[in-house]
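Geometric and topological summary
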Amino acid sequence: MSTFPTPANAPGTVLQVSALLPALERALSEHYRAVRLTEVPDPAAYLRDHGSEVAAAVTSARTGVSDALMDALPRLGAIVHFGVGYETTDVVRARARGIDVSNTPDVLTDCVADLAVGALIDVMRRLSAADRYVREGAWAAAPFPLADRVSGKRVGILGLGRIGRAVARRLDGFGVDIAYCTRTPVPGVRHPHLPSAEALAEACDALVVTVAGGGGTRGLVSGAVLDALGPRGYLVNVARGSVVDEAALVAAVTEGRIAGAALDVFADEPNVPRALLESDRVVLLPHIASATHETRAAMGDLALRNLQRFMTEGTLLTPVPRHPAH
Ligand code: NAP
Ligand code: 8YV
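Here is what the cut-offs are and how they apply
- Residues numbered from 1 in each chain as written.
- Chains lettered and ligands numbered in written order.
- Predicted model: local features only at pLDDT ≥ 70, side-chain atom pairs only at ≥ 80, totals over all residues.
- Heavy atoms only, no water.
- Near = heavy atom within 4 Å.
- Polar contact = N/O pair within 3.5 Å; in protein donor to acceptor, adjacent residues only side chain to side chain.
- Nonpolar A, V, L, I, M, F, W, Y, C, P; charged D, E, K, R; others polar.
- Domains from an automatic or database assignment.
- Contact = heavy atoms within 4.5 Å.
- Buried area = accessible area lost by both parts, 1.4 Å probe.
- Salt bridge = Lys/Arg side-chain N within 4 Å of Asp/Glu carboxyl O.
- Helix = DSSP H or I, 4+ residues; strand = E, 2+ residues; numbered from the N terminus.
- Buried < 20%, exposed > 50% of the residue type's maximum accessible area, 1.4 Å probe, protein only.
- Pairing = 2+ DSSP bridges.
- Axes fitted to C-alpha atoms, helices over the stretch in contact; angles between N-to-C directions.

Let's shift gears to the site of ligand 2. Taken together, the residues surrounding ligand 2 are Ser-60, Ala-61, Phe-82, Gly-83, Val-84, Gly-85, Leu-108, Arg-240, His-287, Ser-290, Arg-296 and Met-299. Val-84 places a polar main-chain atom, nitrogen or oxygen, 2.7 Å from an oxygen atom of ligand 2. Taken together, the residues of the shell around ligand 2 sort by class into five nonpolar, five polar and two charged.

As a further point, take the domain arrangement of the protein chain. Entries for the protein chain in the domain assignment read domain 1 (13-105 + 294-313) and domain 2 (109-284). Taken together, the contact pairs seven residues of domain 1 with seven residues of domain 2. With both chains or domains summed, domain 1 and domain 2 bury close to 540 Å², and 49% of this area falls on carbon and sulfur atoms. If you look at where domain 1 meets domain 2, you find one salt bridge. Note that Arg-240 is salt-bridged to Glu-87, the shortest N-O span being 2.6 Å. Counting the contacts that link domain 1 with domain 2 gives two residue pairs in polar contact (both at pLDDT 80 or more). In terms of residue class, the side of domain 1 that touches domain 2 is built from three nonpolar, two polar and two charged.

So, on to the environment of Leu-263. Within the secondary structure, Leu-263 is located in strand 10 (residues 260-263). The exposure class assigned to Leu-263 is buried, which follows from its relative accessible area of 3%. Remark: the alpha-carbon pair of Leu-263 and Val-238, spanning 25 residues in sequence, is separated by 6.5 Å. Apart from residues no more than four positions distant in its own chain, Leu-263 is found in contact with Leu-235, Asn-237, Leu-249, Leu-276, Val-283, Leu-284 and Leu-285.

Taken residue by residue, helix 7 (residues 162-172) has Ile-163, Gly-164, Ala-166, Val-167, Ala-168 and Leu-171 as its buried positions. Its buried side turned inward, helix 7 meets helix 5 (109-125), strand 6 (154-158), strand 7 (177-181) and strand 8 (206-209).

At the junction of Glu-269 and Pro-270, the peptide bond is cis and its omega measures out at 5° in the coordinates. Relative to the helices and strands, Pro-270 resides in the loop between strand 10 and helix 11 (274-277). At Arg-126, a residue that is not glycine, the phi angle is positive and equals roughly 60°. Mapped onto the elements of the fold, Arg-126 is located in the loop between helix 5 and helix 6 (127-135).

Next up on the list: the sheet that holds strand 1 (residues 13-16). What the five strands build is an open sheet, ordered 2-1-3-4-5; its pairing is parallel. The two strands at the open ends of the sheet, each matched to only one other strand, are strand 2 (34-36) and strand 5 (100-102). Strand-to-strand twist in this sheet, taken as the mean axis angle between neighbours without regard to direction, amounts to 20°. Its contacts with the sheet put helix 1 (residues 22-31) on strand 1, strand 2, strand 3 (54-60) and strand 4 (78-82), and the angle it makes with strand 2 is roughly 135°. The strands touched by helix 12 (residues 293-313) are strand 1, strand 3, strand 4 and strand 5; relative to strand 4, the strand with the most contacts, the crossing angle is about 170°.

Turning our attention to the sheet that holds strand 9 (residues 234-237). On the basis of which strands lie adjacent, the open sheet formed by six strands has the order 7-6-8-9-10-11 and parallel pairing. Both outer strands of the open sheet, strand 7 and strand 11 (282-284), are each paired with one neighbouring strand and no more. Each strand axis lies, on average, 15° off the axis of its neighbour in the sheet, ignoring direction. In the packing of helix 5 onto the sheet, contacts are made with strand 6, strand 8, strand 9, strand 10 and strand 11, and the angle to strand 9 comes to roughly 150°. Taken strand by strand, helix 7 contacts strand 6, strand 7 and strand 8, and its axis lies near 165° from that of strand 6.

Structure, rendered in structure tokens:
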């Protein structure tokens, strides 16, 4: 027997706030009285006339639920995020209204860590640049310039949560020296804990950023941190663009004050500063760290199971922490 309430007896509308994985969108329409906010002709009119019918909102980590939207949904009971980051939703505000919030932790950790390590190797060994070199026909004229070795280097991990620890586990196989920085040292971790992002950058050859996004980490990788990383140092960011002072990064890259950067996330996606587009020192990725068939399917499944649990039992399967980091 299906545990999905049928549309006829569903306890309210499910509002789809942003575009989602097609399979998740199909499941929402099939099992619930679902409305796609992006497809209603007049969203303001819809919210005015039907906002009080909405029981749950399903959204992406990128879009979240704005304060204004939350205010327009007086009977909202749950916000279900497709993605582990949820800094786009004010969780404290939601909780004060009695709204529960879920995300999709763990199921994407391996893919994001895989990509972080791939990006680190790419920027240090200059794989993407070498690929361009071959395609441009430059190989016949001269050998590709030497790059930097990865094995044996010192790698700092900024944020040692689920993804940071998965990056550390992978890098253990490369014989690198790992150190990390979090606000609270992680019990049982053998790698040295350093007290600040700047101290970590000072102590490493490559800094891999895996902290949570949001106000608490905005600009954490500042110009001073980039200078501490230095002209032989590399930055990898798979967290959020907001964590890095992007103007300072552009200056550090273009002036050669850091050796290079591999970036999956940007301050104003999908816009990437022209100076980075024109630099051969950077690897640029379009926010794809979790973007594999397997992981996106697992994220969609977990988001759907959260919704299903809420619509049947009024609780969530993977609620975000009671005291969110941001
Ligand atoms: P997590 O388990 O909650 O880990 C977050 C880590 O950040 C914790 O170790 C936390 O430690 C640390 N942190 C928070 N604020 C900090 C600060 N001010 N200084 C230093 N460390 C700080 O989260 P996760 O599952 O690993 O995911 C991490 C982030 O990756 C997500 O929030 C998301 O933004 C990003 N992400 C990106 C992609 C992508 O597609 N590129 C995909 C998935 C996730 P303390 O609390 O002790 O400081
Ligand atoms: C997704 C992410 O690309 O989970 C996150 O926090 O950033 C990524 O997995 C994105 O959020 C999907 O909306």
